[in-house]
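Examining the three-dimensional arrangement
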Amino acid sequence: MASRTNSSSNFSESSSYDDHEQPSSVPTPDRVAPLNPGHRNNSFNGLLGFTFGSKKMRKKKPFSQNIAPVGLALFMIAFVLANWWMLSRIQKSGRAPGVEFRFLKANSSTLFIREELVRLGKARKPQKTIYARLLARAAHALAEGQNKPEPKDLWAEPYFVASSWKPCAEQRDLRPSEGKNGYIMVTANGGINQQRVAVCNAVAVARLLDATLVLPKFMYSSVWRDVSQFGDIYQEEHFIDYLKPDIPIVRELPQELQSLDLEAIGSLVTDADVVKEAKPSFYKKYILPILHKNRVVHFLGFGNRLASDPLPFQVQRLRCRCNFHALKFVPKIQETGALLIRRMRQNVTRLGPLDRHLVGSFSKSMMKGERNRGGKVARYLALHLRFEIDMVAHSLCEYGGGEEERNELEAYREIHFPALVELKKTKKLPSSAALKAEGLCPLMPEETVLMLAALGFNRQTRIYLAGAHIYGGKSRLASLTTLYPNLVTKESLLSSAEIEPFKNFSSQLAALDFIVCSAADVFAMTDSGSQFSSLISGFRVYYGGGKMATIRPNKRRLADIFVKNNTIDWRTFEQRVRKAVRQTKRVFSRPVGRSVYRYPRCKECMCNT
């Protein structure tokens, strides 16, 4: 399954859903009818010993006798009104105090938190808000904590040892390859993240086989529908020149080879022909003879087809050098990326550790703004919510949408994952509850917002949401945008004219997300297996100097906490979530067999000082 960030449209393009009944999981509070002071209530007439408007009332009495009953009546009315007001403020099962929240975009109306949570349950997707009780408590905690200090180290890496790792993949101590064995062509599949990995792997394979690399091409996908090629996203000249000491790179095949029918002569190699995570010995045994014979090999649909280990030290370092140094976004993307970062920082003049590596010379434009006054903080959190329909459908989990959701996801599987549909027919697969308990279900937006609130991010936190096409659309995101109103996307930050050059180019839009997420003070992912999240976290480790915090939740541990959503108190929930997330921030070297793009803390990529 392709794992990427598809940013081709904003939330307004998501499907709209019909209203549904209020879920039973949202308890309805007892209502105390307010007393109307202007109403002539017979019970009050009897209680006070006279009747309003009667003839007795027209008789003149001493002033003290006249004022006493009226004062008593006013006192009783005030007492009942005060009691009604106090009762209405008492939090009952799932009810939060009346705090008005604004939405992501300007809205003419404001709603109480409880009213908004009830509204969440009326959306067609999800049909039920199973976390209504915890969401109400999160809203209450955010409202109470607006003036409280955030937890220590919330915006920082908790371990000083992280700063001892320094980038050093640019160091070279090998002679350049002559590329004398022939030419390697690569057409990478997938989205921008898979393509990036494929390019770096192709560079490593060219070095292994002493071959010349032809500038990579990108395969058009009916899923992403983006015709962007390498030069539309990355700087070709920089790529060629930077890697010249390592391998020769040309823009196209020599004239005499261009007319060859590569499939006919056996030089066309697809992903099906190369084992997954192939070792160097595979390429030397099966691919090198083709190069010797035909002088050219075309890897069609090339992706994750080179093992992480074992690999020669210098070839592994070359992969890191390609990913972290050779691939630079084109000026058009860099300029808009710098604009987005500056707006996320509210035009406060400040450069982050990754800025110049991400946007190059455009980082200078980020210094034009409001100078920091009195220690003004302009931090932001970037969030990659991996909850697109492909991820949701492939997970085989359920998300509260009932029979309609099951039918919709099954229809999607039949089109996009037919092998999975056949597998379901022949084997008994784990239930949704079992998958969730094992941490195999993507975090729902409701679970994500609960995690952020439990970690201590306050209500004013500026959040950049990467991607689009969230399954369930606005109704699914409502809990997130309600509790965190300062949530924005590139579509809401840029004007129509500014985003126009990127429309219909999902890979270029994803590149903007890559820049803003990499530069964020904190990056939070909801699926650690996502290629996008892996590349971002690796980039932040490589250039971050141990200062760029990343939240990588342990979904298995979180599932054990969320399953108690109907009984757990908020204080305990906070403590358990913070402990579960804190333990994923440990600093360690790259485990054997794991990607250097995600785990660059290894001697091939970084030096431990």
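All of these numbers come straight from a predicted model, not from anything done at the bench.

Thoughts on the sheet that holds strand β12 (residues 487-488)
One open sheet holds the five strands; their spatial order is β12-β11-β10-β13-β14, and the pairing between them is parallel. The open sheet has two free edges, formed respectively by β12 and β14 (549-551), since each of these has just one partner strand. One ladder, built from three bridges, connects strand β13 (residues 522-525) with β14; its direction is parallel. By the bridge assignment for β14, Phe 523 is matched with Thr 550. Here helix α22 (residues 506-519) sits on the sheet and contacts β10 (381-384), β11 (463-466) and β13; the angle it forms with β11, its principal contact strand, is near 145°.

Examining the pairing of β10
Residues Leu 381 and Leu 383 of β10 are buried on one face, and the alternating residues Ala 382 and His 384, pointing to the opposite face, are buried as well. Here four bridges tie β10 to β11, and the two strands are oriented parallel to one another. Bridging from a neighbouring strand, Leu 381 pairs with Ile 463 of β11. With four bridges connecting them, β10 and β13 associate as parallel partners. For Leu 381, the partnering residue across the bridge sits in β13 and is Val 522.

What to know about the side chain of Thr 212
Assignment of secondary structure puts Thr 212 in strand β5 (residues 212-214). Only 3.1 Å separates the side chain of Thr 212 from the backbone oxygen of Gly 179, close enough to count as a polar contact. Ignoring any residue separated from it by four or fewer positions in sequence, one finds Thr 212 in contact with Glu 178, Gly 179, Gly 182, Tyr 183, Ile 184, Pro 248 and Val 250.

A look at unusual backbone geometry
A cis amide bond links Asp 309 to the next residue, Pro 310, at an omega of -10°. As for its placement among the helices and strands, Pro 310 is situated in the loop between β9 (296-302) and α11 (313-326). The backbone of Glu 277 shows a phi angle near 55°, a positive value even though the residue is not glycine. The backbone phi angle of Arg 295 is positive, close to 70°, even though this residue is not glycine. The residue Arg 295 is located in the loop between α10 (280-294) and β9 in this model. The class of Arg 295 is partly exposed, set by a relative accessible area of 39%.

Side note on the side chain of His 357
Tracing the backbone shows His 357 in helix α13 (residues 355-359). Accessibility expressed as a relative area gives 15% for His 357, which makes it buried. With residues up to four places along the chain from it excluded, the contact list for His 357 reads Lys 328 and Tyr 543.

Here's the deal with the packing of aromatic side chains
Enumeration over the complete set of coordinates arrives at 22 aromatic pairs. Ring plane angle 85° and centroid distance 5.7 Å describe the contact between Phe 282 and Tyr 283, whose orientation is recorded as edge-to-face. Tyr 283 matches Phe 282 in its accessibility class, with the two residues each being buried. Aromatic side chains Phe 387 and Tyr 399 sit 5.2 Å apart centroid to centroid with 90° between the ring planes, which places their arrangement in the edge-to-face category.

About the thresholds
- Residues numbered from 1 in each chain as written.
- Predicted model: local features only at pLDDT ≥ 70, side-chain atom pairs only at ≥ 80, totals over all residues.
- Heavy atoms only, no water.
- Pairing = 2+ DSSP bridges.
- Helix = DSSP H or I, 4+ residues; strand = E, 2+ residues; numbered from the N terminus.
- Contact = heavy atoms within 4.5 Å.
- Axes fitted to C-alpha atoms, helices over the stretch in contact; angles between N-to-C directions.
- Buried < 20%, exposed > 50% of the residue type's maximum accessible area, 1.4 Å probe, protein only.
- Polar contact = N/O pair within 3.5 Å; in protein donor to acceptor, adjacent residues only side chain to side chain.
- Phe/Tyr/Trp six-rings, centres within 6.5 Å; stacked < 30°, edge-to-face > 60°.

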